[in-house]
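If you want the building blocks of each chain, they are given just below.
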Amino acid sequence: MNDNAYLSISGVDMTFTKGRTANPVLRHIHLDVRRGEFISLIGHSGCGKSTVLNIVAGLLKASAGGVIVDGREVNEPGPDRALVFQNHSLLPWLTVQQNVALAVDKTFRGSKSAAERRDWVLHNLEMVSMGHALHRLPAEISGGMKQRVGIARALAMQPKVLLLD
Ligand SMILES: Nc1ncnc2c1ncn2[C@@H]1O[C@H](COP(=O)(O)OP(=O)(O)OP(=O)(O)O)[C@@H](O)[C@H]1O
Ligand SMILES: [Mg+2]
């Protein structure tokens with residue numbers, strides 16, 4: 001691991017197993033990312049990009065190796081790492097505003113008042129030009145709009161690491 005790395009992926013292997021069939025997807029993945037650095041993972045469909053991001057997000061556990069963010073090993077999802085999912089993953093029964101508020105309330109309940117949290121949700125939705133659709137459900141907006149809501153949700157958490165799948 002590089003001492004300057006803020007995020008460090010070391011020796012990550014991932015094998016998906018179904019019954020007796022093992023599907024090795026990642027082998028010996030190493031990546032050091034410094035503070036302020038932007039990294040793009042490029043590769044063919046199915047090569048494992050989303051799997052890497054899901055491991056960094058703490059949604060999947062690597063079969064071997066691990067991830068360190070700001071000196072701490074990743075074992076679970078946390079507000080320090082926000083993921084914009086490849087498939088939007090908004091909750092279908094909540095409106096645009098409620099989807100972002102859910103994440104904001106969970107992250108800032110202890111540090112921002114209810115009024116501040118509400119303003120912060122609106123600010124982030126306006127940043128992605130979704131202020132006009134606050135009360136629509138995910139099924140009532142376009143695919144690109146859903147992605148923009150997902151981006152607003154991720155940005156609103158003020159994460160240390162932004163994972164854009
Ligand atoms: N939960 C899972 N169970 C079993 N196999 C999986 C699972 N998730 C992904 N895979 C397999 O792992 C491989 C990598 O998938 P992944 O989604 O990481 O690819 P990707 O690089 O993000 O592809 P794309 O560019 O199409 O999004 C694929 O072969 C996929 O079929
Ligand atoms: Mg993918």
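Residues numbered from 1 in each chain as written. Chains lettered and ligands numbered in written order. Predicted model: local features only at pLDDT ≥ 70, side-chain atom pairs only at ≥ 80, totals over all residues. Heavy atoms only, no water.

Draft legend 1. Examining the domain arrangement of the protein more closely. Assigned domains of the protein: these are domain 1 (5-77) and domain 2 (82-164). Look at where the C-alpha atoms of domain 1 and domain 2 centre, and you get two points 25 Å apart. Scanning the region where domain 1 abuts domain 2 turns up zero salt bridges. Summed over the shared surface of domain 1 and domain 2, the number is one residue pair in polar contact (both at pLDDT 80 or more). Among the elements of the structure, β1 (5-18) and α1 (49-57) are those that each provide at least two residues to the side of domain 1 that touches domain 2. When residues in the side of domain 1 that touches domain 2 are grouped by element, the largest group, five residues, is from α1. Across the side of domain 1 that touches domain 2, the residue classes tally to seven nonpolar, two polar and no charged. (Domains from an automatic or database assignment. Salt bridge = Lys/Arg side-chain N within 4 Å of Asp/Glu carboxyl O. Polar contact = N/O pair within 3.5 Å; in protein donor to acceptor, adjacent residues only side chain to side chain. Helix = DSSP H or I, 4+ residues; strand = E, 2+ residues; numbered from the N terminus. Nonpolar A, V, L, I, M, F, W, Y, C, P; charged D, E, K, R; others polar.)

Draft legend 2. Examining the site of ligand 1 more closely. Around ligand 1, the neighbouring residues are F16, V25, H44, S45, G46, C47, G48, K49, S50, T51 and Q86. In the model, an oxygen atom of ligand 1 is placed 2.6 Å from a nitrogen or oxygen of the S45 side chain. Notes on ligand 1: free accessible area 630 Å², of which the protein chains cover 58%. At three residues, α1 tops the list of elements feeding residues into the shell around ligand 1. Taken together, the residues of the shell around ligand 1 sort by class into three nonpolar, seven polar and one charged. (Near = heavy atom within 4 Å. Areas by Shrake-Rupley, 256 points an atom, 1.4 Å probe, with all protein chains shown as cover.)

Draft legend 3. Spotlight on the coordination of the magnesium ion (ligand 2). Within the protein, the atoms that donate to the magnesium ion (ligand 2) are S50 (OG) and Q86 (OE1), at distances of 2.0 to 2.1 Å. You can see S50 sitting in helix α1 and its partner Q86 sitting in the loop between β5 (81-84) and α2 (96-108), a full 36 residues away along the chain. (Donors = N, O, S within 2.8 Å, 3.2 Å for Na, K, Ca; no water.)

Draft legend 4. The arrangement of the environment of S111 in detail. Assignment of secondary structure puts S111 in the loop between α2 and α3 (114-127). Separated by 55 residues in sequence, S111 and V56 have C-alpha atoms that sit 26 Å apart.

Draft legend 5. Examining the pattern of salt bridges more closely. Here the structure, examined in full by the defined rule, presents three salt bridges. The salt bridge partner of R81 is D80, with a shortest N-O separation of 3.2 Å. Of the residues examined, D80 reaches a relative accessible area of 26% and is grouped as partly exposed. The shortest N-O distance in the salt bridge between D105 and R117 comes to 2.8 Å. One end of the pair, D105, is in helix α2; the other, R117, is in helix α3, with twelve residues separating them in the sequence. Judged by its relative accessible area of 22%, D105 falls in the partly exposed class. (Buried < 20%, exposed > 50% of the residue type's maximum accessible area, 1.4 Å probe, protein only.)

Draft legend 6. Expanded view of the layout of surface pockets. By volume, the largest pocket amounts to about 640 Å³. Lining the largest pocket are 22 residues, and of these E37, I39, V161, L162 and L163 sit closest to its centre. For the lining of the largest pocket, the secondary structure elements donating two or more residues are β1, β2 (21-34), α1 and β6 (161-164). When its residues are assigned to classes, the lining of the largest pocket shows 15 nonpolar, one polar and six charged. (1 Å grid on protein atoms, 1.4 Å probe; cavity = no way out; pocket = protein on both sides within 12 Å on 5 of 7 lines; lining within 4 Å. Points joined across faces, edges and corners; volume = space filled by probe spheres on them.)

Draft legend 7. The packing of aromatic side chains, seen in detail. This model, assessed by the stated rule, comprises zero aromatic pairs. Between the NZ or CZ atom of K112 and the centre of the ring of F108, over which it lies, the distance is 5.0 Å. Sitting above the plane of the W120 ring, K112 keeps its charged end 5.1 Å from the centroid. (Phe/Tyr/Trp six-rings, centres within 6.5 Å; stacked < 30°, edge-to-face > 60°. Lys NZ or Arg CZ within 6 Å of the ring centre and 35° of its normal.)

Draft legend 8. Structural view of the packing of α2 against helix α4 (residues 143-156). Where α2 contacts α4, the two axes come as close as 9 Å, and the packing angle between them is 15°. The pairing of α2 with α4 is recorded here as roughly parallel in orientation. In this structure, α2 crosses over α4, and the sense of that crossing is right-handed. Seen from α2, the contacting residues are V96, N99, V100, A103, V104 and F108; seen from α4, they are V149, A152, R153 and A156. Taken together, the residues of the contact of α2 with α4 break down into eight nonpolar, one polar and one charged. (Axes fitted to C-alpha atoms, helices over the stretch in contact; angles between N-to-C directions. Parallel < 35°, antiparallel > 145°, perpendicular 65-115°, else oblique. Left-handed = near helix turned anticlockwise from the far one by under 90°. Contact = heavy atoms within 4.5 Å.)

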